[in-house]
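Coordinate analysis (summary)
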Amino acid sequence: MLGRYERGATGGEAKVEYGDGTMRVIKPGTFVRCAVTGEPIALDALRYWNVDRQEAYATPEAAMQRLKELRAAR
C-alpha cells in the first residue's frame, strides 16, 4: 500500500513504473489512466497492469480487451 507521500497529497496524474507484482511511483500523483479506456484509476485501486507494455488497466475486461488487440495485431 502506498502512503500519502508516495501518492502525492496534491492530486494529479502519477507516473508509475510497473513491475511483476509491484509498482514504483516515479512522479507523485493520486491516479493513473487506463491504457484502454482512458479513465482515471486511483493508485489505491490499481490492480491490473502489463509489465512489458508499462500500461495500467481499470478492469480485468480492459486488460483482456488489450490482450485481444495485441493478439489480433500479430
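Cut-offs applied
- Residues numbered from 1 in each chain as written.
- Predicted model: local features only at pLDDT ≥ 70, side-chain atom pairs only at ≥ 80, totals over all residues.
- Heavy atoms only, no water.
- Buried < 20%, exposed > 50% of the residue type's maximum accessible area, 1.4 Å probe, protein only.
- Helix = DSSP H or I, 4+ residues; strand = E, 2+ residues; numbered from the N terminus.
- Pairing = 2+ DSSP bridges.
- Contact = heavy atoms within 4.5 Å.
- Salt bridge = Lys/Arg side-chain N within 4 Å of Asp/Glu carboxyl O.

1. Overview of unusual backbone geometry
In this structure, glutamine 54 takes a positive phi of about 55° despite not being glycine. Overall, the relative accessible area of 34% leaves glutamine 54 in the partly exposed class.

2. Let's talk about the pairing of strand S1 (residues 15–18)
The alternating pattern of S1 places Val16 and Tyr18 on a buried face, while none of Lys15 and Glu17, on the opposite face, is buried. Bridge count between S1 and strand S2 (residues 23–27): four bridges; the pairing is antiparallel. Each bridged residue has a counterpart across the sheet, and for valine 16 the counterpart in S2 is valine 25. In textbook terms, the turn of a hairpin is the stretch between consecutive antiparallel strands, and for S1 and S2 this stretch comprises four residues, one of which, glycine 21, has a positive phi near 80°.

3. Describing the side chain of arginine 66
Examined against the element boundaries, arginine 66 turns out to sit in helix H2 (residues 60–73). For arginine 66, the contacting residues outside a window of four places in its chain are Ala35, Val36, Arg53, Glu55 and Tyr57.

4. Some remarks on the pattern of salt bridges
Counted under the stated rule, the structure contains five salt bridges. Note that glutamate 17 is salt-bridged to arginine 24, the shortest N-O span being 3.5 Å. Since its relative accessible area comes to 48%, arginine 24 is described here as partly exposed. Between glutamate 55 and arginine 66 there is a salt bridge whose closest N-O contact spans 3.0 Å. Highlighted residues: glutamate 55 in strand S6 (residues 55–57) and arginine 66 in helix H2, separated in sequence by eleven residues. Each member of the pair glutamate 55 and arginine 66 is classed as buried. Connected via shared salt-bridge partners are Arg53, Glu55, Arg66 and Glu69.

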